[in-house]
Amino acid sequence: MKLVVVSAGLGVPSSTRLLADRLAAAVGRLTPVEVQVVEVRELAVEIAHNFTNGFPGRALGAALDAVTEADGLIVVTPVFSASYSGLFKSFFDVLDKDALAGKPVLIAATGGSGRHSLVLEHALRPLFAYLRAVVVPTGVYAASEDWGAEGLESRIERAAGELAGLMRGLSTAQPVQDGLEVEDGREVMDGHQLKEGLEFKDGLKGELKDGLKDELKVVPFAEQLAALRR
């Protein structure tokens, strides 16, 4: 499975990248993943050009493709003015609107004070809900005082476990379509294979049985109403 980490830290080294790496490592301890890191800072100029000309550069295009093809995402942003950074938001503004639909996402943020921890709930979670991603219940916020203190590591492990579980579940999910289940490559519904005519699971072939005919019979509304009045 492919795990893509989007880090919007501005410095080198960066506490945002540090948190991103620790989250990715925690997921890797729980399930085999191939990790790719997207440093949004390195794409800032191409993102700006994409806004003005409508086309991504080579590096930005590769990053957008990686996010689209990922089995799961970890997204981490520094907090600016009580919200995600403008560069972080700009990256997702140039991403295709359907790219994250149904994709598991772990949200995280870093800041100078614990007072900004609600940025996860009032900014990041609504953003990815709008993009129709599946956001894990536990978000991870790391303030300056959290590094080396108790609590951060347990939040990292809990969030990583939730993301790993979603990624494993989606990778093994069976296709389901309009109430039909797939059995040995053939669609099955109510114990009957839907093929030319009707073929039953036990190998018998024939016309529709009387009971199934009754189930499929369309009763006019007037007859239903008359039956209720009896």
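Structure first, text after, so check above.
A short tour of the structure in this document, coming up. (Residues numbered from 1 in each chain as written. Predicted model: local features only at pLDDT ≥ 70, side-chain atom pairs only at ≥ 80, totals over all residues. Heavy atoms only, no water.)

### Overview of the pattern of salt bridges
Under the definition given, this model contains 10 salt bridges. Across the pair Glu153 and Arg22 runs a salt bridge whose closest N-O atoms are separated by 2.3 Å. One end of the pair, Glu153, is in helix α6 (residues 152-171); the other, Arg22, is in helix α1 (residues 15-30), with 131 residues separating them in the sequence. Given the relative accessible area of 29%, Arg22 is considered partly exposed. Note that Asp93 and Lys89 form a salt bridge whose closest N and O atoms lie 2.6 Å from each other. A residue pair is termed a helical-turn pair when its members lie 3 or 4 positions apart in one helix, as Asp93 and Lys89 do in helix α4 (residues 86-93) at four residues. The class for Asp93 is partly exposed, based on a relative accessible area of 42%. (Salt bridge = Lys/Arg side-chain N within 4 Å of Asp/Glu carboxyl O. Helix = DSSP H or I, 4+ residues; strand = E, 2+ residues; numbered from the N terminus. Buried < 20%, exposed > 50% of the residue type's maximum accessible area, 1.4 Å probe, protein only.)

### Concerning the nonpolar core
Among the nonpolar cores identified, the biggest contains 39 residues, and Val6, Val75, Phe88, Phe91, Phe92, Leu100 and Phe128 are the most heavily contacted of them. Among the secondary structure elements, those contributing two or more residues to this core are β1 (2-7), α3 (58-69), β3 (72-80), α4, β5 (104-111), α5 (119-130) and β7 (140-143). Among the elements that make up this core, the one with the highest residue count is α5 (six residues). Contacts of Phe128, omitting those with residues within four sequence positions, involve Val75, Phe88, Phe92, Leu100, Val105, Ile107, Ala133 and Val135. (Core = buried A, V, L, I, M, F, W, Y, C linked by side-chain atoms within 4.5 Å. Contact = heavy atoms within 4.5 Å.)

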